[in-house]
Amino acid sequence: MDRNEEYKTLLSELEETPLKLDFTLERALARKRSTLRRRRKAIFAPLGSVVAVLAVFVLLVNVSPTFAYAAGRLPLLRDLARFVAFSPSLSAAVENEYVQPMDLEQSANGITARIEYVIVDQKQLNIFYTLQTETYEMLESSPNILGVDRKALEGFSVLSGDYGAENDSLRKITVDFSQGTMPEALVLDLDVYKSDVGVKHSEAPTPASEHDYLFEDSHTLPETLSTFSFTLRFDPNFTATGEVLALERSFMLDGQKLTLVTAEIYPTHTRLSFAPDSGNTAWLKSLNFYIENEKGERFEGITNGISAYGSIDSPMMATYMLESSFFSDSKHLTLHITGVTWLDKDMARVRLDLKNTTAETLPEGVDFVSAKRYDDSWLLEFTATQIKENNSYQVWDWNYYDAEGQKYAFTSMSSTSAGATYSDGNKAEENLFGVRLPLKDYPYDEVWLCPSFSRRVILDTPVSLEIK
Amino acid sequence: MNENEFAELIQDKRAELYRTAYLYLGSEAAALDAVDEAVYNGLMSCKKLRSPEYFRTWMTRILINTCITELRHRKRTLNVSELPETAVEEFDALPVRDAVLRLPRELKEPIILRYFSGLTTAETASALGVPQGTAATRLRRALKLLRLELSEEEVLDGSK
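Here is a short report on the structure shown in this document. (Residues numbered from 1 in each chain as written. Chains lettered and ligands numbered in written order. Predicted model: local features only at pLDDT ≥ 70, side-chain atom pairs only at ≥ 80, totals over all residues.)

1. With respect to the overall build of chain A
The cut-off we apply is this: Each helix is a run of DSSP H or I of at least 4 residues and each strand a run of E of at least 2, with the numbering of both proceeding from the N terminus. Comment: burial labels come from other C-beta atoms within 10 Å of the residue's own C-beta, placed from the backbone, where a count of 20 or more is buried, 12 or fewer is exposed, and between is partly exposed. The contact criterion used here is simple: two residues whose C-beta atoms, placed from the backbone, lie within 7 Å are in contact.
In terms of helices and strands, chain A carries nine helices and 26 strands. Of all 468 residues assigned to chain A, the portion counted as buried reaches 28%. When contacts within chain A are restricted to residue pairs at least 6 apart in sequence, those whose partners lie at least 24 apart make up 67%.

2. A short note on the interface of chain B and chain A
Going by this rule: Under the convention adopted here, Pro, Cys and the residues Ala, Val, Leu, Ile, Met, Phe, Trp and Tyr are nonpolar, Asp, Glu, Lys and Arg are charged, and Gly plus all remaining residues are polar.
Across the boundary between the two partners, chain B contributes 28 residues, which contact 21 residues of chain A. Those elements that provide at least two residues to the side of chain B that touches chain A are α1 (3-25), α2 (28-45) and α5 (96-101) of chain B. Per-element tally for the side of chain B that touches chain A: the top contributor is α2 of chain B, with nine residues. Looking at the side of chain B that touches chain A, its residues break down into 19 nonpolar, one polar and eight charged.

3. Considerations on the pairing of strand β1 (residues 100-108) of chain A
Walk down a regular strand and you will see the side chains alternate between the two sheet faces. In plain terms, the rule: In this scheme, strands are said to pair when DSSP sees at least two bridges between them.
Here β1 of chain A runs beside strand β2 (residues 111-120) of chain A; their pairing, made up of seven bridges, is antiparallel. Within β2 of chain A, the residue paired with Glu105 of chain A across the bridge is Arg114 of chain A.

4. Describing the nonpolar core
The cut-off we apply is this: Buried Ala, Val, Leu, Ile, Met, Phe, Trp, Tyr and Cys residues whose C-beta atoms connect them within 7 Å together make up a nonpolar core. Annotation comment: domain bounds sourced from an automatic or database domain assignment.
In this structure, Ala21, Ala31, Ala34, Val35, Leu63, Val100 and Ile111 of chain B are the most contacted members of the largest nonpolar core, which totals 47 residues. When residues of this core are assigned to their parent elements, the largest contribution, 10 residues, is made by α1 of chain B. Residues from two domains meet in this core; each of domain 1 (3-74) and domain 2 (88-154) of chain B gives at least three. By size, the runner-up hydrophobic cluster in this structure holds 32 residues, among which are Met102, Ile111, Leu139 and Val192 of chain A.

5. What to know about the sheet that holds strand β26 (residues 455-466) of chain A
Residues and elements named next belong to chain A. Let me state the cut-off plainly: Lines fitted to the C-alpha atoms define the axes, with helices restricted to the stretch that makes contact. Angles between their N-to-C directions range from 0 to 180 degrees.
Reading across from one edge, β13-β12-β16-β26 is the order of the four strands in this open sheet, with antiparallel pairing throughout. If you trace the sheet from one side to the other, it starts and ends with β13 (298-300) and β26, each paired once. Averaged over all neighbouring strand pairs, the angle between strand axes comes to 25°, with direction disregarded. Here three bridges tie strand β12 (residues 282-293) to β13, and the two strands are oriented antiparallel to one another. Its bridge partner lying in β13, Tyr290 is registered against Glu300.

6. What about the packing of helix α6 (residues 105-115) of chain B against helix α8 (residues 132-146) of chain B?
All names here are of chain B. Where we set the bar: Angle categories: roughly parallel below 35 degrees, roughly antiparallel above 145, roughly perpendicular from 65 to 115, and oblique for all the rest.
Across the interface, α6 lies against α8 with an axial gap of 8 Å and an inter-helix angle of 90°. With respect to each other, α6 and α8 are oriented roughly perpendicular. The residues of α8 that touch α6, namely those facing Glu106, Leu107, Pro110, Ile111 and Arg114, are Ala135, Arg138, Leu139, Arg141, Ala142 and Leu145. Within the contact of α6 with α8, the residues separate by chemical class into seven nonpolar, no polar and four charged.

7. Section: the sheet that holds strand β4 (residues 139-146) of chain A
Residues and elements named next belong to chain A. The three strands are arranged β4-β7-β8 in an open sheet whose pairing can be described as antiparallel. Edge strands, defined here as strands with exactly one partner in the open sheet, are β4 and β8 (224-233). With direction set aside, neighbouring strand axes in the sheet form an average angle of 20°. Where β4 lies against strand β7 (residues 185-194), eight bridges are found, and the strand directions are antiparallel. When the bridges of β7 are listed, Leu146 appears paired with Val187.

Shown next, in the form of structure tokens:
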């Protein structure tokens, strides 16, 4: 590769930006709010109270092991505040000292794992931990959540991801119970392995290896270096916290009838549960919405974390998560819905003719670009219109069907950034991102895919519902 | 400029700032930290910026200062040092990204801003606080060291 080609390749690599960059403004705004609040507190604190605080501090350090531990690790608590700055709910929890120090540590094979803090309520647990080593450059981990008797738990989701986390920096695991409530204690098993951060950067996949990657059966994790097992016991004051508002409020949204069943307000999030009407012609797939209180404070939908839960018996997304109003001291809360995404019931499955690259219908903003045959497999390429800069979204669900209704599942899906170059050498437009679907061991010329949505609607007049 | 205007403008500049910081510091994590710090500093002082047309160069200046501070802090831990302009063979042997990282600072800054972040030569000069002729000379020297021969068509569009 000549020098100019190398420059162009580097430029296109730099077009890929990490997801975390999307929330840089939110982190700055949260940090500014926190700084101003601290300044105000500092200005108004009279000298007498400073003396009183010092006296209480000495007393607490002497009588409370928890406080002594937290005080001894104050720099880390600051790290925690910085670490959660992207999340208004967790930031408010930290500012309101709604944090349970854990102080659990285990070491093995040159690796030390520490569980520093948890932020826990009736429904959600956020575990903040560090991995420290002098043996390896970078580490990653994979969590497994169990009951204290080491039996499997049900009705929860786990969200974690510490790819690229630096040695001894904070990492987070979120455990969210969609069914049931938080147990008094649970077990966290943490498999730790060597990170491949450097490897991935220097060995970008070639078209050939990308093809192999797409058609691989599974992508296995590297060899585990250490497994740690921690029993996390929660302060019952934290796990009891939360407020459930039974609403049963029916309303019309873009011609479909929905019922807002409950609003649940926890320190870590707010969750709204909706039920459909049997006469609806479309399933609810997502909402653009926010909650506002009487002071004009807004609590937006969660975008960086668990944002919604599906329904067991239909494609509907029934439960939605928003930032928490728990610490805002709100007397009144109003939900404002400004947009909605539907999946029309007659688009639950759509037929694609692979030989002629045509589709009977496609979700709004999606084009069927190509279908390439590799022996008995196919690679399908689509483009989809971005709705937010540098962001892709799910276009297809994980199952697909043949002409006889036989069900298959994708082994992988991949999306490419806006303006990316496709396998046929064409370049997608700047406002489009690409989606690639491998149909492995699928010899047929037609396939039925399941769209994740069919259309998006921005409402001319928002729908407003009082929830408190 | 008020906070809302700042918020609107910064959303379009995040990727550009990230590219600049990434090439300056050489790692994703360090670049994200630098952009976070720069955006926070920009947010805290945006009221001082009276003319929004200078937003891009003003924000770039803040980011570069942040990167310089970061490099000072990391000097002991970073295993990357600048090469002198005379080290032509060493530059030749390095991939473009690493070669940029190891350019002397006075050449690294203009080359990143002009050829990777998409600023015009005039904006590059303004962001660095040097005359346009000086910026152009440094760009030529940097291109020569990197053995890049770029026409205007091949350069990232500065208007984006």
